[in-house]
Amino acid sequence: MVRSKIVSGAGGVILGTAAMVLATQAIAGPAACKNRVNNTREKLQECVTVEGVRQHQAAFQAHADANNGIRTSGTPGHKASVDYVAAALTDAGYQVMVQPFEFQTFLELSPTVLAQVAPPTPLVTNIMSYSGSGDVTASVSTLGTITGCAALDFAGFPAGNIALISRGACSFAIKATNAFNAGASGVIIYNNTTGTLNGTLSSTFALDIPVTSVTQSLGGDLAVAANAGLVMRLKTDTLRGTVTSYNVLAESKGGDENNVVMAGAHLDSVNAGPGIQDNGSGSAAILETALQMAKVKPRNKVRFAWWGAEEAGLVGSTHYVGSLSEEQLDRIKVYLNFDMIGSPNFVYFVYDGDDSDAVGAGPGPNGSAEIEKLFESFYMQRGLAFKGTDFSGRSDYGPFIAVGIPAGGLFTGAEGIKTLYESGMWGGTAGNQYDPCYHLACDTYDNISLTALDINSDAVADSILQYSMNLQAITGKRGKGNFRQPEYLGPRQQR
């Protein structure tokens, strides 16, 4: 796809030619969409178009382009996206709340440098979030197969050297802290599996030591070279401090306030880039769904959420859940999460609410299995394959699950590697990441599968409308009759 030129002018967002075409298509849409009430699945899915979703992604790209290429929480780029979402929802008639909160931010002020000194060789690296600043040139010492998770692992470590440590067995922060206490001048953590490593030391890490990461392959090469006297330069230039960010919440005027259906997506990007797939895809899809549902009179209260500071550790959603009373939490019957739904090398992943895959975490709270079945039924009715994905705690469903609220949602993959089997089922390229631009500067407007985004935007709309009308599958309370949850044909029942 040809990249559209997107800039920001004094009068607001100005879109380049390609984006203007999309915007025009989205505004026009099917002729019937402008005034009608989209109160059936068919009507709503007709009006939630991929062109409409892309219009919002184009706006998010413009916000980043006008603000140093990022939309990180606490920066003007993110605030521009907050204002855009809030204004659109207010104009559509929703009750909108912009909820501020403070958090510990991390910004990379200039590019991180990792280079072999002799012969001079720059290397590909990713800074660990919340790394301290530093510019060191020193010999490299490897721990070999030792994990660095205990202080004794660094016995005899040469003070002043850069520590080369494998990922695994404990947090990155523990490894970096032990290295710091042993006198290391810097830390390089290499992956223990294929693919890039984009990690965080967490917002509580405050040591002034540069910490970065490399791939498993490069880490192995460096370990061999370290035994032969490798000298490297490691430079990081960072800012850590308290800033204000925002959640945007929009609630339907109608619907039973004792039965709340929530749908959320994080609106912020990482420091490396604009985050138009992660998570401009989910954010744009639920925004377009909300706008196209504005005239619908739901039986249950619908609450949409655009979370801030997800990339800093689910800060915004955690703050929101923590701000609610027990009574308010009890009213939330469903939380639907949409984080990365248009990955270029996609798989249709559904959160494994019943733990039928028996991978990682156990099942979600009661009702999560039924949410999973709703999404699986959506794909099955379209003849599309799907696959379970674990509740790993990496996205904003985490705080809701922690207080017992049923959750589910969609995901199309991040830094994971697509298998040969998956490429046979969904196309794409085996051996490549699901999203090759995950947490990188190239996560722009062009970093998308329009096929996955189109299908999943319909799934977003379908699920939100379904539960806005009928929660019987979750609560047992009778809902609107023509919105019974579709019968699930599990693997044993498929024809």
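Residues numbered from 1 in each chain as written. Predicted model: local features only at pLDDT ≥ 70, side-chain atom pairs only at ≥ 80, totals over all residues. Heavy atoms only, no water.

**Focus: the nonpolar core**
Counting residues in each nonpolar core, the largest one holds 78 residues, and the members touching the most others are M262, F304, W306 and F338. Take this core: its biggest share by element is 9 residues, from helix α13 (residues 450-469). Not counting chain neighbours up to four residues away, the residues in contact with M262 comprise L249, R303, A305, W307, Y320, I332, V334, Y335, L336 and F400. Core analysis: the second largest hydrophobic core is formed by 26 residues, F101, Y130, A179 and V187 among them. (Core = buried A, V, L, I, M, F, W, Y, C linked by side-chain atoms within 4.5 Å. Buried < 20%, exposed > 50% of the residue type's maximum accessible area, 1.4 Å probe, protein only. Helix = DSSP H or I, 4+ residues; strand = E, 2+ residues; numbered from the N terminus. Contact = heavy atoms within 4.5 Å.)

**Observations regarding α13**
Given a rise of 1.5 Å per residue, 20 residues ought to cover 28 Å, and the 29 Å separating the end C-alpha atoms of α13 matches this to within 8%. With respect to burial, α13 is a largely interior element, 16 of its 20 residues being buried. (Expected span 1.5 Å × (residues − 1).)

**Regarding the state of the cysteines**
Taken as a whole and assessed by the stated rule, the structure comprises 3 disulfides. Residue pairing for C33: its cysteine sulfur links by disulfide to C47, the two sulfurs lying 1.9 Å apart. Residues C33 and C47 are joined through a disulfide that is left-handed, its torsion about the S-S bond being -95°. Highlighted residues: C33 in the loop between α1 (17-28) and α2 (41-47) and C47 in helix α2, separated in sequence by 14 residues. Judged by relative accessible area, C47 falls into the buried class, the value being 2%. Two residues share a disulfide in this structure: C149 and C170, whose sulfurs sit 2.0 Å from each other. Measuring handedness by torsion sign, the sulfur bridge of C149 and C170 sits at about -90° and is left-handed. Residue C149 is located in the loop between β6 (134-142) and β7 (162-166), and its partner C170 is located in the loop between β7 and α5 (172-181); the two are separated by 21 residues in the primary sequence. Among the residues examined, C149 registers a relative accessible area of 25% and is labelled partly exposed. When the bonded cysteines of the chain are numbered from the N-terminus onward, they pair as 1-2, 3-4, 5-6. (Disulfide = S-S within 2.5 Å.)

**Quick notes on the pairing of β7**
Most of β7 is tucked away, with 5 of its 5 residues classed as buried. Alternating positions in β7 separate into two faces, I162, L164 and S166 on one and A163 and I165 on the other, with burial throughout. As paired strands, β6 and β7 are joined by 3 bridges and run parallel to one another. By the bridge assignment for β7, S141 is matched with A163. Here β7 runs beside strand β8 (residues 186-190); their pairing, made up of 5 bridges, is parallel. (Pairing = 2+ DSSP bridges.)

**With respect to the pattern of salt bridges**
Note that side chains of opposite charge can pair when their charged atoms are close. In the structure shown here, the tally under the stated rule is 10 salt bridges. Between R41 and D462 there is a salt bridge, and its shortest N-O distance comes to 3.2 Å. Note that R41 is positioned in helix α2 and D462 in helix α13, a separation of 421 residues in sequence. Assigned by exposure class, R41 and D462 land together as buried. The shortest N-O distance in the salt bridge between R394 and E415 comes to 3.2 Å. Residue R394 is located in the loop between β15 (387-389) and α11 (398-402), and its partner E415 is located in the loop between β16 (407-411) and α12 (420-426); the two are separated by 21 residues in the primary sequence. (Salt bridge = Lys/Arg side-chain N within 4 Å of Asp/Glu carboxyl O.)

**Observations regarding the side chain of Q277**
Position of Q277 among the secondary structure elements: in the loop between β11 (256-266) and α7 (280-292). Accessibility expressed as a relative area gives 0% for Q277, which makes it buried. Polar side-chain contacts of Q277 include one of 3.4 Å to the backbone nitrogen of I341. One polar contact links the side chain of Q277 to the main-chain amide nitrogen of G342, over a distance of 2.9 Å. (Polar contact = N/O pair within 3.5 Å; in protein donor to acceptor, adjacent residues only side chain to side chain.)

**A look at a positive patch on the surface**
Where like charges cluster on the molecular surface, the positive patch consists of R299, R478, K480 and R484. Exposure remark for R484: the relative accessible area of 58% places this residue in the exposed category. (Patch = residues over 30% accessible without salt bridge, like charges linked within 9 Å, V, L, I, M, F, W, Y side chains within 5 Å. Areas by Shrake-Rupley, 256 points an atom, 1.4 Å probe, with all protein chains shown as cover. Lys, Arg positive; Asp, Glu negative; His and termini not counted. Charge placed at Lys NZ, Arg CZ, Asp CG, Glu CD.)

**Digging into the environment of G360**
Here G360 shows up in the loop between β14 (349-351) and α10 (368-381). When its relative accessible area of 70% is taken as the criterion, G360 is described as exposed.

**Description of unusual backbone geometry**
Residue P119 is bonded to the preceding A118 through a cis peptide linkage, with omega at -5°. With an omega of 5°, the peptide bond running from D278 to N279 counts as cis. By the element assignment, N279 lies in the loop between β11 and α7. Of note, Y130 is a non-glycine position whose phi angle comes to about 75°, a positive value. A positive phi angle, near 85°, is found at S202, a position not held by glycine. Taking relative accessible area as the criterion, S202 reaches 29% and is therefore assigned partly exposed.

**Section: the confidence of the model for the chain**
Overall, the predicted model of the chain reaches an average pLDDT of 91, with 92% of residues at or above 70. Counted against residues more than four places away or in other chains, residues 1-28, with its pLDDT under 50, gives 42 contacts. (pLDDT = per-residue confidence, 0-100.)

**With respect to the pairing of β6**
The two faces of the sheet receive side chains in turn, since in a regular strand these alternate between them. Bridge count for β6 against strand β10 (residues 231-251) is 6 bridges, and the pairing is antiparallel. Of the residues in β10, the one forming a bridge with T137 is R233.

**Remarks on the side chain of H266**
Take H266: it is sitting in strand β11. For H266, the side chain forms a polar contact with the side chain of D268, separated by 2.9 Å. A polar side-chain atom of H266 sits 3.3 Å from a polar atom in the side chain of D339. The contact partners of H266, leaving out residues within four places of it in the chain, are D278, N279, S283, W307, E310, E311, D339 and D396.

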